[in-house]
Structures are given as C-alpha cells and as structure tokens.
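Read off the chains here:
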Amino acid sequence: MRRISTRARYGRRAHARAAVAALLLTTAATGIVAADDVAAPAASSPAAAAPAPDFGAGPEETAAASAAEVRTLDEEVQDLKELAVELNRDLFLLEEELLFPSSTQVAVFVSMDVGEFFTLDSVELEIDGKNVTNYLYTDREVDALFRGGVQRLYVGNLRAGEHELVAFFTGRGPHERDYRRGATLAFEKGIGPKYIELQISDSESRLQPEFVVREWE
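Throughout, a residue's number is its position along its own chain's written sequence, starting from 1. For a predicted model such as this one, the threshold for reporting local features is a pLDDT of at least 70, and the threshold for listing and counting side-chain atom pairs is 80 or more; totals across whole chains, interfaces and linings nevertheless cover every residue. Side-chain calculation: all heavy atoms of the structure are included, whereas hydrogens and water are not.

Now for the overall build of the protein. Numbering of helices and strands runs from the N terminus, with a helix taken as a DSSP run of H or I at least four residues long and a strand as a DSSP run of E at least two residues long. Helix and strand content of the protein: 3 helices and 8 strands. Put simply, the protein runs from its N terminus to its C terminus through helices and strands in the order α-α-β-β-β-α-β-β-β-β-β. Buried residues are those whose accessible area, probed at 1.4 Å on protein chains only, stays under 20% of the maximum for their type, while exposed residues exceed 50% and partly exposed ones sit between those limits. Expressed as a percentage of its 217 residues, the buried residues of the protein come to 25%. Only the protein chains shown count as cover for residues, with accessible areas throughout obtained via the Shrake-Rupley method and a probe of 1.4 Å. On the protein, roughly 15900 Å² of surface is accessible, and the fraction owed to carbon and sulfur atoms is 57%.

Written out as structure tokens, the structure reads:
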C-alpha cells in the first residue's frame with residue numbers, strides 16, 4: 001500500500017475546499033439572478049400599479065357646476081323674454097293693420113316744445129264735429145312730453161276726402177291762470193294713412209303758449 005505524504009494530504013484538502021467554495025459562490029449567484037428576474041416584471045408592469053382612489057367632485061367643482069347651470073337658465077329666460085316681446089310687437093302690428101288699414105287710418109300725436117308758459121292738463125279732440133277723445137294727463141306724462149316725448153293721442157278710420165280736426169288744450173298758463181285754447185286744421189284724406197301732430201310751443205316774443213296743428217308729410 002502506497003503511503004501518502006503529509007504535504008500531499010494538505011494539498012488535496014485545500015483543493016477540495018476551493019472546489020466547495022466555488023460551488024457555493026455559483027449557487028449564490030444563481031439565486032440572486034433568479035430573484036432579480038422575478039422582482040423586475042412586478043415593478044415595471046402597469047397592470048400591477050395600484051388604481052388611484054376616487055374621492056368624487058370637490059365643493060369648488062360643485063359650486064362651479066351650479067353657477068354654470070344658473071347662467072344657462074338665465075340665458076334661456078332672457079331668450080324667452082325677447083321672443084315674447086317680438087311676438088307681442090308682431091301681434092300689435094297685425095291688430096293695427098286689421099283694425100286700421102292704411103287706406104283709412106288717421107293718427108293724431110301730441111308733442112311739446114319747451115312748454116314753460118303752459119302746463120298741460122287735458123286735450124279734447126273733435127273730427128268732423130264729433131268728439132273722438134278727451135285725454136287727461138298725469139304729471140309724469142306731462143314731464144315726458146316736456147323732455148321731448150311724443151304721445152299718440154288718437155287712431156281711427158276716415159274715408160278718403162276732406163275733413164276738419166279741432167283740438168282744445170286745457171291747462172295752466174302764465175301768472176297761474178287757467179287756459180283753454182283751440183286749434184283747427186282742415187285736411188284731405190287720401191288713399192294712404194294720415195298723421196297729424198298737435199304741438200304746444202312757447203312764443204318768446206309774446207310770452208304766451210302757442211298751439212299748432214300740422215300734418216306730417
């Protein structure tokens with residue numbers, strides 16, 4: 001039997017230890033790679049991401065939505081109002097055309113120029129000797145006339161031909177005296193509508209009110 005020297009035995013043991021250490025290192029490296037391979041897809045996959053929590057609309061968003069809804073309702077109400085006004089105007093014009101055709105229509109208007117010498121109380125209107133209207137004014141209406149307003153006093157129908165209009169103005173004149181003055185206009189009604197203006201103005205030279213009846217061209 002061959003005897004193995006002490007040096008040879010020590011060499012074999014060192015070689016065995018080195019082989020075992022190499023095997024352990026290889027096993028450990030393999031385990032680290034396997035662990036990385038498993039963890040990587042979980043971190044990079046979007047399906048694995050947790051969904052964002054849903055807390056619903058906040059108070060500011062709810063208030064903004066309510067304000068927008070109110071604005072929309074206001075706009076719809078305004079549109080309906082404008083539509084109602086237009087419809088009213090169309091109905092008024094249609095009624096005017098039916099009741100007072102242009103071929104027979106006569107309209108009388110009242111206006112005031114300055115008006116410092118006369119405070120209007122009422123106007124009485126006669127056409128062809130027949131009383132057609134007697135209008136009593138309020139302070140607000142007189143103020144509107146004084147500021148340039150024009151009032152439609154009368155609208156009616158007359159056949160074509162010659163006619164006579166007489167207007168009586170009642171009110172308070174200079175020195176707080178009661179005034180009643182008349183003005184007359186003879187006019188001819190044609191095939192179209194006729195428009196007549198009763199104007200109250202001041203005569204600076206006489207310091208008296210004047211009452212003028214004239215036709216509109």
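Moving on from the coordinates now.
By this definition, two strands are paired if DSSP reports at least two bridges between them. The sheet built from 4 strands is open, its strands ordered S3-S2-S5-S6 with antiparallel pairing. At either end of the open sheet lies a strand with only one pairing partner, and these are strand S3 (130-136) and strand S6 (178-189). Each strand of the sheet is rotated relative to its neighbour by a mean of 15°, with strand direction disregarded. The pairing of strand S5 (residues 161-172) with S6 spans 12 bridges and is classified as antiparallel. Looking at the pairing, Leu-165 lines up with Leu-185 of S6. To obtain each axis, a line is fitted to C-alpha atoms, and for helices this fit is confined to the stretch in contact; angles are then taken between N-to-C directions over 0 to 180 degrees.

Here we take up the sheet that holds strand S1 (residues 105-113). Strand order in the open sheet formed by 4 strands is S4-S1-S7-S8, and the pairing between neighbours is mixed. In this open sheet, the two strands that pair with only one neighbour each are strand S4 (151-157) and strand S8 (208-215). Averaged over all pairs of adjacent strands, the angle between their axes in this sheet comes to 15°, without regard to strand direction. As defined by bridge partners, S1 adjoins strand S7 (residues 194-203) across 8 bridges and the pair is classed as parallel. Paired with Phe-109 across the strands is Glu-197, a residue of S7.

Looking now at the pattern of salt bridges. The term salt bridge refers to a pairing of a side-chain nitrogen on Lys or Arg with a carboxyl oxygen on Asp or Glu at a separation within 4 Å. One pass over the full model with this rule turns up 7 salt bridges. Between Arg-147 and Asp-143 there is a salt bridge, and its shortest N-O distance comes to 2.9 Å. Here Glu-197 and Arg-214 are joined by a salt bridge, their closest N and O atoms 3.2 Å apart. Of this pair, Glu-197 sits in strand S7 while Arg-214 sits in strand S8; the two residues are 17 residues apart in sequence, bridging distant segments of the chain. A relative accessible area of 7% means that Glu-197 is categorised as buried. A single salt-bridge network, built from bridges that share partners, covers Arg-172, Glu-176 and Asp-178.

Below, the discussion takes up the confidence of the model for the protein. When pLDDT is averaged along the protein, the result is 80, and 73% of the positions lie at 70 or above. Predicted confidence in the protein is weakest over helix H1 (residues 6-44), with a mean pLDDT of 54, and strongest over S3, with 95. The predictor's confidence in any single residue is recorded as pLDDT, a number from 0 to 100. We call two residues in contact when some of their heavy atoms are within 4.5 Å. When the criterion is pLDDT under 50, residues 31-44 qualifies, and its contacts beyond four places in sequence or with other chains add up to 1 contact.

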